[in-house]
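# Analysis of the macromolecular model
Chain residues, written in single-letter form:
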Amino acid sequence: VQLQASGGGLVQAGGSLRLSCAASGRTFSRNVMGWFRQAPGKEREFVATIGWSGGSTYYADSVKGRFTISRENPKNAVYLQMNSLKPEDTAVYYCAASIRYSGRLYTGGDVDYWGKGTQVTVSS
């Protein structure tokens, strides 16, 4: 099973990026998926999660109103649209999936599969 994240890059503050994550090796259409991030010198933290049907989404307070998570089950993919980016959003972003849960992810302990990460750098 692989989760391949892409779409990271360098952007100025106030700009936008769209991260994509494509899963292969098994389907996650009945499972929760999400995004976490890890900034230099900090622990990995929850960013957003989306339930199996796409009908339930949850966000960290720090990104609420700026980021939008979505998914396309036929493509076995999850996305993260990031708008109004801030320098404090700079981090490696990891997509994540759980085969134990269908609703939401709370912490890294809920995750069964991690992607390799994609770097997002926001300049001031």
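Up top you'll find the structure we're talking about.
What you are looking at is a predicted structure, and each value in this text was computed from that prediction instead of being measured.

What counts, and at which threshold
- In every chain, residue numbers begin from 1 and rise along the written sequence.
- pLDDT decides what is reported in this predicted model: residues at 70 or higher carry local features, side-chain atom pairs at 80 or more are listed and counted, and totals for whole chains, interfaces and linings draw on all residues regardless.
- Remark: hydrogens and water are excluded; side-chain values derive from all non-hydrogen atoms of the structure.
- In this scheme, a residue with accessible area under 20% of its type's maximum is buried, one over 50% is exposed, and one in between is partly exposed, where area comes from a 1.4 Å probe on protein chains only.
- Only runs of H or I of at least four residues qualify as helices and only runs of E of at least two qualify as strands under DSSP, and these elements are numbered from the N terminus.
- The criterion for strand pairing is that DSSP finds at least two bridges linking the strands in question.
- Cysteine sulfur pairs qualify as disulfides if the two atoms are within 2.5 Å.
- Working definition: a ring pair exists when centres of Phe, Tyr or Trp rings (six-membered ring for Trp) sit within 6.5 Å. Plane angles under 30 degrees give stacked, over 60 give edge-to-face, the rest tilted.
- For a Lys NZ or an Arg CZ to count as sitting over a ring, it must be within 6 Å of the ring centre and within 35 degrees of the ring normal.

## With respect to the pairing of strand β11 (residues 118–123)
The two faces of β11 differ: Thr118, Val120 and Val122 on one face are buried, but Gln119, Thr121 and Ser123 on the other face are not. Direction of pairing for strand β2 (residues 9–12) relative to β11: parallel, over a ladder of four bridges. Residue pairing for β11: Val11 is matched across the bridge by Val122. In this structure, strand β9 (residues 91–97) lies alongside β11, joined through three bridges in antiparallel fashion. Within the sheet, the bridge partner assigned to Ala91 lies in β11 and is Val120.

## A closer look at the state of the cysteines
Under the defined criterion, the tally for this structure stands at one disulfide. Each sulfur in the disulfide pair Cys21 and Cys95 lies 2.1 Å from the other. In this structure the cystine formed by Cys21 and Cys95 twists about its S-S bond by roughly 45°; its chirality is therefore right-handed. Pair noted here: Cys21 is in strand β3 (residues 17–24) and Cys95 is in strand β9, with a separation of 74 residues, a long-range link.

## Section: the packing of aromatic side chains
This model, assessed by the stated rule, comprises four aromatic pairs. On the basis of an interplanar angle of 70° and a centroid distance of 5.7 Å, the ring pair of Phe28 and Tyr113 is categorised as edge-to-face. Highlighted residues: Phe28 in the loop between β3 and β4 (33–38) and Tyr113 in strand β10 (residues 113–114), separated in sequence by 85 residues. You can call Tyr113 partly exposed: its relative accessible area is 25%. Here the aromatic cluster, defined as three or more aromatic residues joined through ring pairs, consists of Phe36, Phe46, Tyr94 and Trp114. A cation over a ring is seen here: Arg26 above Phe28, with NZ or CZ 5.1 Å from the ring centre. When the ring centre of Tyr58 is taken as reference, the NZ or CZ atom of Arg104 above it lies at 4.1 Å.

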